[in-house]
Structures are given as structure tokens and as C-alpha cells.
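# Examining the three-dimensional arrangement
Here is how the chains run, residue by residue.
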Amino acid sequence: MALELGSLFGNKNAPLIGLDISTSGVKLVELSEVGKNELRLERYAAEPLPKGAVVDGNIENIEQVSEAVRRVWKKSGTRAKLVALGMPPASVITKKIILPGGLSEEELEFQVESEANQYIPFALDEVSLDFDVIGPAQNSPEDIEVLLAATRKEKVEDRVAVAEAAGLKPTVMDIESYAARTAIDRITSQLPQAGQGQIVALFQIGSQVTHISVLLDGQPLYEREQPFGGNQLTQDIVRAYGVSQDEAEAKKKSGDLPDGYERELLEPFLESAALEITRAIQFFFTSTPYTRIDQIFLAGGCAIIPGLVEIIASRTQISTSIVSPFKGMQLGSTIREKQLRMDAPAYLIACGLAMRRFD
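Every value quoted in this text rests on a predicted model; they were computed, and no experiment measured them. (Residues numbered from 1 in each chain as written. Predicted model: local features only at pLDDT ≥ 70, side-chain atom pairs only at ≥ 80, totals over all residues. Heavy atoms only, no water.)

## What to know about the packing of aromatic side chains
- Tallied over the full model, the rule gives seven aromatic pairs.
- Both rings, one in Tyr-44 and one in Phe-326, keep their centres 6.4 Å apart while their planes meet at 35 degrees; by these two values the pair is tilted. Here Tyr-44, found in strand E3 (residues 38-48), pairs with Phe-326, found in the loop between strand E15 (320-322) and strand E16 (330-331); they are 282 residues apart in sequence, far enough to count as distant. As far as the burial class goes, Tyr-44 and Phe-326 line up, both buried.
- When the ring of Phe-228 is compared with that of Phe-269, the centres are 5.5 Å apart and the planes differ by 20 degrees; the resulting orientation is stacked. Taken together, the residues span a long stretch of sequence, with Phe-228 in the loop between strand E13 (219-226) and helix H5 (231-241) and Phe-269 in helix H7 (residues 261-287) at a distance of 41 residues. An identical accessibility class is assigned to Phe-228 and Phe-269; each is buried.
- Clustering of aromatic rings is evident, with ring pairs tying together Tyr-222, Phe-284, Phe-285 and Tyr-290.
- Here the basic side chain of Arg-181 rests over the ring of Tyr-178, its NZ or CZ set 4.5 Å away from the ring centre.
- Over the face of the ring belonging to Phe-283 we find Arg-224, whose NZ or CZ atom lies 4.5 Å from the ring centre. (Phe/Tyr/Trp six-rings, centres within 6.5 Å; stacked < 30°, edge-to-face > 60°. Helix = DSSP H or I, 4+ residues; strand = E, 2+ residues; numbered from the N terminus. Buried < 20%, exposed > 50% of the residue type's maximum accessible area, 1.4 Å probe, protein only. Lys NZ or Arg CZ within 6 Å of the ring centre and 35° of its normal.)

Here you go:
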């Protein structure tokens, strides 16, 4: 899915960086290929964003965000200028449609546009439109199934403006949930029987929002967002100990806090996180024909909060683990393995975006 930015112009080996812009910060990943299906993590870096620079996935302050992108690019040490960016799922309309097979590229574009008119609540000239041919339609092999994606042009333009102001060249525009799925597919393929037939629930717990995807053989069965995130605990720490937001964020991850923190702040937060997740799972069961989940993966910056995996596994009675999108990859000479273990779960989307280089 590359919303009107074209593909990588056929240059498969041109280095491409994945750049994930979220409410809390900017994350960058650069990967390289070192053999058949063998990837190496060359570089990764993150830079926080000031409050209000990005709100609900919308870029409110292009200058602050492009400044953070410039800093993260410099900090990472990469030379790559081509960049893959992600759009928040809530700002993209996607729809699978069936079209006759054997159409020329031009006819296909015309058909997609006329179909798009039915599904998109804005004028087509205000929209960035893209489509991807999935393959033959299941029930009528002479037809094709096409995935249609559309978003407001200004949303794409804001992200393009940020990258260009930081001196980078936006080449691919993906949807964040698709990028996360690309990264997760690599991980599930490392499960027994390559994860075939396994129902996997991915919870990306960000600072403000938790994004839930339930997948079977790489296909989404269910997706939604819940307004819950680690910022709740950060704010509690700020209030209780009178520290700055940045200090609270660092101490939350290191656990370097006064006695009583676990009982007074951490345990209630873990309880509410477990409640949110069990509720989301119940919701999945009641709104789909499915009655089981085989594996829970936790990602996002909050996944590593001490005690979270244990409480979720115990409340749901489902095998739960923190996911590292870099599992099984070789590591570049500048990567510190111990640090990466702490950082990796927050880089799921950035890693999936960087993997677009090898599509």
C-alpha cells in the first residue's frame, strides 16, 4: 500500500528507512538484507516529541515534528535519505472490492476510481487513492480481489512535508497497522509449523492508545483501538513524586522509584491494563465467530513495564509474550544487544515500514 508516492522506483537495494511518527515521538529503523530472507538491523533510534505536536495521529506542528525527525536521523548515523512513512489506521478508509480480471492498468484505475466514489465520503479530488491487487477472487477465479485505500490528501501532505523539511525523500506511504502486520508475520513464521492455524492477538500499547489486531495466517480477523496507554502511569509518577515528564518516563522503564511505588501506582495500573485486555478479548469473542486465542503478543513502549506480561497471562490464561520485531535478525556493529531488548517492542511499526525495502 503506497498512497500515491509510488513504489521504490524498482531500485530494490536503495537503502530505505522506516520512520514511525506517533503521539509520543519519532522512531527510525534501517535494515539490510544479508542473505536469502536474512535481515540485519543496521540502525535504530528514537526522539521524543513535545506534547501537542501530534494529536490523534494528526500532525499539528510540522516544524516541531520535522525538527525531531532531523535529530533522530542524525542520532541514528544513517546515510539513507529514502523514507517509508505510516498513516494512522483511523485516517485511512480501506475496502476490498471485486473487479473483472484481465483489465489493463488504465482500465483498472478507472474502475477503482468509480468504485471508490461509493465508499469515500469526500470529493475524490481531496483524496489520495491507492489500490493493490490481492489476487484471484475466492468464489469467482476469473475476477480479481483488489484492496482500495483512501485518505485525505492533506494528511499525506503533512507527513511528506515533515520528511522533506528534515531533508529526506518520502518514497512509500503505508498504513501503520499493515506495517505492524508485516513485522508480526515475520515473527509468527518462526513459531512451530510457521504459526499456521494459530490465532494471534497483538496488543500495541502506546502512550495514549492501545491498538488491537487479531490475526490468523497473516489475515486480520478483528481490529480496533482503545483509549488506554502508558501515559496514565507516567502522569501518576509525575504527580506522586514531583518529577518531570521525561524523568517519569525513564524511571517507569527502569523501575528506579521510591518504596511504595509498586503497591501504590504500579499494581493499580497493571490491574487496569489487564482489565482492558481481557475486555478487548471478550469483545473479540462476542463480535466474531471465534472462541479462542492461541498467543498474545505485547508491543509498544509500555510492553516492557515490569509485571505486565505475567498479569495478562494469568488473567487471560493465554500464552503471552513481549514481541521483538528484530527477533532472529543479525545485528549491526553499533547495536547494543542489552539496550535493544528494552527498546525493541516500541519499534514494531518502524520495523515493518523499513521492511518495505524488500517487498
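Structure shown, so let's carry the discussion forward.
## Here's the deal with a negative patch on the surface
- Residues Glu-105, Glu-106, Glu-107, Glu-109 and Glu-113 make up a contiguous surface patch of negative charge.
- With a relative accessible area of 53%, Glu-105 lands in the exposed category. (Patch = residues over 30% accessible without salt bridge, like charges linked within 9 Å, V, L, I, M, F, W, Y side chains within 5 Å. Areas by Shrake-Rupley, 256 points an atom, 1.4 Å probe, with all protein chains shown as cover. Salt bridge = Lys/Arg side-chain N within 4 Å of Asp/Glu carboxyl O. Lys, Arg positive; Asp, Glu negative; His and termini not counted. Charge placed at Lys NZ, Arg CZ, Asp CG, Glu CD.)

## Considerations on the environment of Leu-49
- Inspection of the secondary structure puts Leu-49 in the loop between E3 and strand E4 (54-55).
- Sequence separation of Leu-49 and Gln-64 is 15 residues, and the distance between their C-alpha atoms is 7.5 Å.
- Excluding residues that lie within four positions of it along the chain, Leu-49 makes contacts with Ser-22, Thr-23, Ser-24, Gly-25, Val-26, Val-54, Gln-64, Val-65 and Ala-68. (Contact = heavy atoms within 4.5 Å.)

## Overview of unusual backbone geometry
- A positive phi angle is found at Asp-217, which is not glycine, with a value near 50 degrees.
- When you line up the elements, Asp-217 lands in the loop between strand E12 (210-216) and E13.
- Using a relative accessible area of 42% as the deciding quantity, one classes Asp-217 as partly exposed.
- Phi at Gln-317 takes a positive value of approximately 60 degrees, unusual for a residue other than glycine.
- Looking at the secondary structure, you find Gln-317 in the loop between helix H8 (308-316) and E15.
- Judged by its relative accessible area of 68%, Gln-317 falls in the exposed class.

## Description of the side chain of Asn-231
- By the secondary structure assignment, Asn-231 is in helix H5.
- We classify Asn-231 as buried; its relative accessible area is 13%.
- Those residues in contact with Asn-231 that lie beyond four places of it in its chain are Ser-207, Gln-208, Gln-245 and Lys-252.

By themselves, these figures tell us nothing about what the structure is for.
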